[in-house]
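Observations on the three-dimensional arrangement
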Amino acid sequence: MKQWLRNLGALALISVLALAGCQKAPEKAAATADAPKTGELKVGFVYTSPVGEAGYSWAHDQGRKAIEKLPGVKTSFVEAVKEGADAERVIENMARSGTDLIFTTSFGFMDSTLKVAKDYPNVKFMHCSGFKTADNMDNYFGRIYQARYLTGMVAGYMTKSNIIGYVAAFPIPEVIRGINAFTLGVRSVNPKAQVRVVWTKTWFDPALEKDAAISLLDVNADVIAQHQDSAGPQEAAQQRGKYSIGYNSDMSAYAPKAHLTAAVWNWAPLYEAIVKEVRAGTWKGGRAIWWGMDKGVVDIAPFGPMVPKDVQDKVLAQKAEFVKGVDKVFVGPIKDQSGQMKIPAGVKAEDKELLGMTWFVEGVVGSVQ
Amino acid sequence: MILKIRKREESLGWGVLVVYLGALALALAVCAILLALAGKPALEGLVILFRGAFGQSYSLLDALVKAIPIFLCALGVALSFRMQIWNIGAEGQFALGAVGATFVALSFPGLPALALMPLMFLAAMLAGGAWGLIPAVLRLRLGVSEIISSLMLNYIGILVLEYLVFGAWKDPASFGFPMTAEFVPAGQIAHMGPTLGLSLGKLHWGLLACPLAGVAYSVFLSRTRLGFELAACGEGERVARYAQLPYGFLVLLVMGLGGGLAGLAGCIESSATLGRLQPTVMAGYGYTAIVVAWLARLKPWPIAFTSFLLAALRVGVEVLQLELQIPAAFGQIMEGAILLCVIAGQFFLSYSVTLKRSRPVAAAASKGERA
Amino acid sequence: MSPELIIALLAAAVQGAAPILFATLGEMLSEKAGVLNLGVEGVMALSAFAAFIVCHLTGSAVLGLFAGGFAGALLCGLHALVCQVFLGNQVVSGLALTIFGVGLSDFLGTPYVGVGTEGFRQFAVPLLSHLPMLGPVLFRQDAMVYLVYCAPVAVWFLLNRTSLGLGLRATGEMPAAAAAAGLNPQRLRAFGVMAGGFLCGLGGAYLSLAHTHLWSTGLSGGRGWVAVALVIFAFWRPGRAVIGALLFGGVMAFQLRLQAEGTNVPSSLLLMLPYALTVIVLVFSAARAKYLKTGHSAAPAALGVNIEPEG
């Protein structure tokens, strides 16, 4: 009987504890939604990986540093935030502490951002690489696939074995889209080449990603592309005397003899524009902002010395098209792996289709899961 | 001068508290030193940590929400630790529980909440329990170490979850991103606040599972025959078999129940916190549960308290991360350091150490004496 | 698969096996002395960082290697302290060590993520590297792989041909008898744990110095746990540890090459292989032990049992 009493007591204790929590509702930031924001603007960034010296979060952090230079802007960031329930608390802590504008930079933060956005209507949220929005939440991303297409062209010109390896992170549309654009770039200059994919299910595991690249080199690939943060695949290519293509930022420092070019992010223009909008009171929620090479958000790294001049010229000519705003990467006819027509001739795939891409184009060898 | 070590005859009484506080202080000191080494303000860091964990009503509520899965997993782990079965597999059992619950939620969306919820709980406990039974069977039939097999099943369980979420269960409306469709409202555990008309943050009705499980746990151990037999098995397999206790059955029982509890935690976490299944449901609660179980010396009340403390620690570390840019791994260091110090400190609970002025005996290497 | 691909696969298997073998032998030393150390994962993580940071600061891979080893010995010293002096539970102390080591490695290492080091590079051994098959597989590796070739022999020699090894084994089997014979079981156990920690540390150092040349957190990636499992698979014999480690390196290398060849099997299933194999291997060796009735004699009799003080 005593046991029962004690147990009941605990239940009461828990309830009291819970009730204590309800005495004081969380204080919320006191800025009004649409009025121009004067005074100091506090901008927060949430990264999924450590900033480090290169990689996806590092690229976002370069953008943060760019807006930090703007007058009256104060930034903060949290790195290595695990996606899921933890992320929600981190974002909420940021919102609570009076941050006006919060960038959450990984797909996995989408639902967490949305939930916090609903609880903090006066804070503005920008979520990167997802598809959900709210009245006070935009999603944004860059058309990195344009840069992927250009790097694919370089790979298509440079390969001799006509096998190109691609070390890929997770089978999600963002990565699949990149592989497809890359392959379309390869095949636009070299229809005989194929792209082989190895999934690592990691964003940053140099050991595994390097091993994956070596496995591709072993099946005769002579150019290695990648979609992770680590330079492991670059290392592998250099070690074997083969070529590599980087991602996120210029990775030539890791593999000067192998690095042909890289698909790189340049977030500064977008972040500066958003901050200006918030200042001017023109910022709106509910948008999908997807900028491309025309706005300078994506680019390719400088070519390595081994890339011949005529190849550079051809790739730069295509880049000039992107910069003008002409985007023909996903214009049909495009077939999938099995040869089935997915995008008919002359039709341009809509953004919605690109956002949910779960099939490989013809020329990719590998499983799409 | 030598130290004389004796086994204590009686319990230490209030000394227990002193030992625990001492161990905690030592662990905190180690952590402060590490902060200082990393060039961060050590004292300020600890203050921020505690303020972040206990300073606000919402942080306490956050910790309470986080304590739910930790408590359930820790209870399951403690059950098997009681008979020296080292179940390290709560993490994988948690994953399978989430998978089981999701299977029900996706398969029978038309059921009313009164039928769907219990079915989800049942499926989660069955799936988690089955995952826990694998190492138990392997141990009983073949003598395979349950430590390793349950640990490897963690990795496999998480990959099973990923396989389903990246494959068959992927929501067509999620643009190919790895997540299932949102559960129907009947399959989602609701927040407590709106129903009670109170502002309770993210606290949800899954909390009720904790007192229920806790009471069941203590009643089972203190009121049932099986519970007594379980306690008797604490001395190890040989003793248990000698006393003709149903050792094999008990191993199956604790692993099955432990897995079931971890599975329940997985169900609650996916249904209440996420509302769907996605790989991010895995947050390492299964490992924290082991720390909790041992710190609490496998007793239900202390487990509840310690779950809350370690959950608060995790919440506090997030604030630390935000304010001082300290990596989240700091929380792990603290967990590890506290556990190491407490294990070492527990020595003083069962042994007394006295200083004796005497000449070393001839057998200086005798194991009872330590210079 | 073409012959070239098979050779490449085997060479990759040797590389993948090297860190696991170091750690397996380390754990074996510790267990032979009677101390179960479940902290290998944490020890590998921390020593990988220690090796990296010393190599990064001094530019010397050899210093980095020793730093890794000593960091491993030091962390295992903590385990010895908790279990030998304070008579803590070996299972829980080991788990705490893993949590602590992995956390510390992440904490200290976060600012350095993505920083490269020179480390050890591959070089071909003259003459031997031209042997057919064996040459490319065994003798076009890096210095640490050549080091790992010596490790099982050294551990075997230590355990079976020296008086120190005899003492270690006696302590693991029957500490009371060892003490009666005039040995100091406490000191022997501490030695076994720390020497084992040094080897595990070398395994960690391999990851940052030879495998990736690049620092990142989470480098150990479950290898430490595989090592603990392999000790059981190896029946506490260094020779069999080599087979076990190669099997693992092989499976990992194989699943990646299967993907590179263009398989349709989903990657989650392939990534499960090494872990599933660990369980299968354990089941297999346990079944074999049961069949041959050798299981109980293989494990040191006093494994996991602390030496209680008298009185």
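Residues numbered from 1 in each chain as written. Chains lettered and ligands numbered in written order. Predicted model: local features only at pLDDT ≥ 70, side-chain atom pairs only at ≥ 80, totals over all residues. Heavy atoms only, no water.

Notes on the overall build of chain C
Convention followed: Helical segments are the DSSP runs of H or I of at least four residues, strand segments are the runs of E of at least two, and each set is numbered from the N terminus. Atoms counted for the radius of gyration: C-alpha only. Globule rule: 2.2 Å times the number of residues to the power 0.38. Two residues qualify as a contact provided that any one of their heavy atoms is within 4.5 Å of a heavy atom in the partner residue. Here, Shrake-Rupley sampling with a 1.4 Å probe gives the accessible areas, and only protein chains in the shown set may cover a residue. Charged-residue counts in this description rest on Lys and Arg as positive and Asp and Glu as negative, His and the chain ends being excluded. To locate a charge, the coordinates of NZ of Lys, CZ of Arg, CG of Asp or CD of Glu are taken.
In terms of regular secondary structure, chain C is built from 13 helices and two strands. Computed over C-alpha atoms, the radius of gyration of chain C comes to 19 Å, within 12% of the 19 Å expected from 2.2 N^0.38 for 311 residues, which places it in the range of a compact globule. Its C-alpha atoms put chain C at 65 × 50 × 40 Å along the principal axes. Sequence separation of 24 or more characterises 77% of the internal contacts of chain C that already satisfy a separation of 6 or more. Of the accessible surface of chain C, which amounts to about 10800 Å², a share of 72% is contributed by carbon and sulfur atoms. Counting 14 positive and 11 negative side-chain charges, chain C places the averaged centre of each group 10 Å from the other.

Re the interface of chain B and chain A
Rules: Joining two parts hides part of their accessible area as seen by a 1.4 Å probe, and the buried area is that hidden amount summed over both. Criterion for a salt bridge: a side-chain nitrogen of Lys or Arg within 4 Å of a carboxyl oxygen of Asp or Glu. Throughout this description, a polar contact denotes any pair of N or O atoms lying within 3.5 Å of each other; where both atoms belong to protein, one of them has to be capable of donating a hydrogen while the other can accept it, and for residues adjacent in sequence the pair is counted only when both atoms sit in side chains.
Taken together, the 48 residues of chain B in the interface contact 53 residues of chain A. Summing both partners gives a buried area of about 4400 Å² for chain B against chain A, and 62% of it is carried by carbon and sulfur. It is B:F175, B:F177 and B:W301 in chain B that bury the most area against chain A; as a group they hold 17% of the surface buried on that side. Summed over the shared surface of chain B and chain A, the number is four salt bridges. Between B:K202 and A:E88 there is a salt bridge, with the nearest N and O atoms lying 3.8 Å from each other. Our enumeration of links across chain B and chain A arrives at six residue pairs in polar contact (both at pLDDT 80 or more).

Concerning the sheet that holds strand β8 (residues 223-226) of chain A
All names here are of chain A. Just so we agree on the cut-off: A strand pair is defined by DSSP finding two or more bridges across the two strands. Only C-alpha atoms enter the line fits that serve as axes; for helices the fit covers just the stretch in contact. Angles between N-to-C directions range over 0 to 180 degrees.
Ordered in space as β12-β10-β9-β8-β6-β7-β15, the seven strands form an open sheet in which the pairing is mixed. On the outer flanks of this sheet lie β12 (298-300) and β15 (364-365), each paired with one strand and no other. Relative to the sheet, helix α5 (residues 144-158) contacts β6 (163-168), β8, β9 (243-248), β10 (259-265) and β12, its axis offset from that of β10 by approximately 175°.

Focus on the pattern of salt bridges
What counts here: Categorising residues by exposure relies on relative accessible area from a 1.4 Å probe, with only protein chains included: less than 20% of the type maximum marks a residue as buried, more than 50% marks it as exposed, and the intermediate range marks it as partly exposed.
Counted by the stated rule, this structure contains 22 salt bridges over all chains. Where A:E68 meets A:R64, a salt bridge forms, and the shortest distance between an N and an O atom there is 3.7 Å. Residue A:E68 and its partner A:R64 are located together in helix α2 (residues 56-68), separated by four residues, close to a single helical turn. A salt bridge links C:R121 to C:E118; its shortest N-O distance comes to 2.9 Å. Relative accessible area serves as the criterion here: at 35%, C:R121 is assigned to the partly exposed category.

Focus on the packing of aromatic side chains
Operational definition: Pairing of aromatic rings covers Phe, Tyr and Trp, the last counted by its six-membered ring, and requires centre-to-centre distances within 6.5 Å; plane angles under 30 degrees mean stacked, over 60 mean edge-to-face, and any other angle means tilted. Only when the NZ of Lys or the CZ of Arg is both within 6 Å of the ring centre and within 35 degrees of the ring normal is a charge said to sit over the ring.
A complete count under the given rule lists 39 aromatic pairs over all chains for this structure. Lying across the ring of B:Y58, A:R96 places its NZ or CZ 3.2 Å from the centre. Here the basic side chain of A:R148 rests over the ring of A:Y247, its NZ or CZ set 4.2 Å away from the ring centre.

What to know about the interface of chain B and chain C
Contacts between the two partners involve 48 residues from chain B, matched on the other side by 52 residues from chain C. Regarding the contact of chain B and chain C, the summed buried area is about 4600 Å², with carbon and sulfur atoms giving 80% of it. For the interface between chain B and chain C, the tally reads zero salt bridges. Along the contact surface separating chain B from chain C lie zero residue pairs in polar contact (both at pLDDT 80 or more). Elements with a minimum of two residues in the side of chain B that touches chain C: β1 (2-7), α1 (15-37), α5 (113-142), α6 (146-166), α12 (285-295) and α14 (329-350) of chain B. With 13 residues, the single largest contributor to the side of chain B that touches chain C is α14(B).

Remarks on helix α3 (residues 61-85) of chain C
Within an α-helix, residues lying three or four positions from one another point in the same direction, as the helix has 3.6 residues per turn. Residues and elements named next belong to chain C. As a reminder of what qualifies: How far a helix is expected to stretch is found by multiplying one less than its residue total by 1.5 Å.
When the terminal C-alpha atoms of α3 are compared, their 35 Å separation across 25 residues agrees well with the 36 Å that a helix rising 1.5 Å per residue should span. Capping the start of α3 is the job of one residue whose side-chain oxygen sits 3.4 Å from the backbone nitrogen of V62: S60. Among the residues trailing α3, L87 stands out with phi positive, at a value near 55°.

Some thoughts on the domain arrangement of chain A
Residue and element names in this part refer to chain A. Our working definition: Domain start and end points were adopted from an automatic or database domain assignment. By the convention adopted, Pro, Cys, Tyr, Trp, Phe, Met, Ile, Leu, Val and Ala count as nonpolar, Lys, Arg, Asp and Glu as charged, and the other residues, Gly among them, as polar.
For chain A, the domain assignment lists domain 1 (41-142) and domain 2 (144-265 + 298-365). Placing a centre on the C-alpha atoms of domain 1 and another on those of domain 2 gives a separation of 28 Å. The partner domain 2 presents eleven residues to the 13 residues of domain 1 that form the contact. Three residues stand out in domain 1 for area buried against domain 2, namely Y56, F141 and G142, and they jointly supply 42% of the buried area on that side. Where domain 1 meets domain 2, there are zero salt bridges. Across the contact surface, domain 1 and domain 2 share two residue pairs in polar contact (both at pLDDT 80 or more). Elements represented by at least two residues in the side of domain 1 that touches domain 2 include exactly α2 and β5 (137-142). Tallying contributions element by element places α2 first for the side of domain 1 that touches domain 2, with four residues. Partitioned by chemical class, the residues of the side of domain 1 that touches domain 2 number six nonpolar, six polar and one charged.

Section: the packing of α3(C) against helix α4 (residues 90-109) of chain C
Residues and elements named next belong to chain C. Let me state the cut-off plainly: Note that the term roughly parallel is reserved for angles under 35 degrees, roughly antiparallel for angles over 145, roughly perpendicular for angles of 65 to 115, and oblique for everything else. Less than a right angle of anticlockwise turn of the near helix away from the far helix marks a crossing as left-handed, whereas a clockwise turn marks it as right-handed.
One can describe the packing of α3 onto α4 by two numbers: an axis separation of 10 Å at closest approach and a directional angle of 150°. On the basis of the axis angle, α3 is roughly antiparallel to α4. Both α3 and α4 take part in a crossing whose hand is right-handed. Contact with α3, carried on its side by L75, L78, H79, V82 and C83, involves Q90, S93, G94, L97, F100 and G101 of α4 and no other residues of that element.

Structural notes on the layout of surface pockets
We apply this condition: Grid points spaced at 1 Å and placed over the protein atoms alone form the basis of the search, with a cavity being a set where a 1.4 Å probe fits but cannot get out and a pocket an open set showing protein on both sides within 12 Å along at least five of seven lines. Lining residues have an atom within 4 Å of a point. Grid points are joined across faces, edges and corners, and a volume is the space filled by probe spheres set on the points.
Reported here for the second largest pocket is a volume of approximately 780 Å³. Those elements that provide at least two residues to the lining of the second largest pocket are α3 (85-96) and α4 (110-119) of chain A together with α3 (57-81), α7 (192-196) and α11 (247-274) of chain B. No other element matches α3(B), which puts six residues into the lining of the second largest pocket. Partitioning the lining of the second largest pocket into residue classes produces 14 nonpolar, ten polar and 17 charged.

Points about the sheet that holds strand β11 (residues 288-291) of chain A
All names here are of chain A. Read across the sheet, six strands follow the order β2-β1-β3-β4-β5-β11 without closing on themselves; strand pairing throughout is parallel. Two strands bound the open sheet, and with one partner strand each, they are β2 (73-78) and β11. Taking the axes of each pair of neighbouring strands and ignoring which way they run, one obtains an average angle of 20° across the sheet. Against the sheet, α2 contacts β1 (41-46), β2, β4 (124-128) and β5, and its axis sits at roughly 160° relative to β2.

A word on the environment of B:F305
Following the sequence through the fold, B:F305 ends up in helix α13 (residues 300-324). On the basis of relative accessibility, which here comes to 54%, the residue B:F305 falls in the exposed class.

Concerning the nonpolar core
As a rule of thumb, nonpolar side chains are buried together in soluble globular proteins. Under the convention used in this document: Only buried residues count toward a nonpolar core, which is a set of Ala, Val, Leu, Ile, Met, Phe, Trp, Tyr and Cys residues joined through side-chain atoms within 4.5 Å.
Core analysis: the biggest nonpolar cluster contains 222 residues, and B:L72, B:M83, B:M120 and B:F330 have the highest contact counts within it. Of the residues forming this core, the biggest block, 16 residues, is contributed by α3(B). With residues near it in sequence (within four places) discarded, B:M83 still touches B:L230, B:C233, B:G234, B:Y247, B:L250, B:V251 and B:V254. In this structure, A:Y56, A:Y140, A:A181 and A:L184 belong to the second largest nonpolar core, which totals 87 residues.

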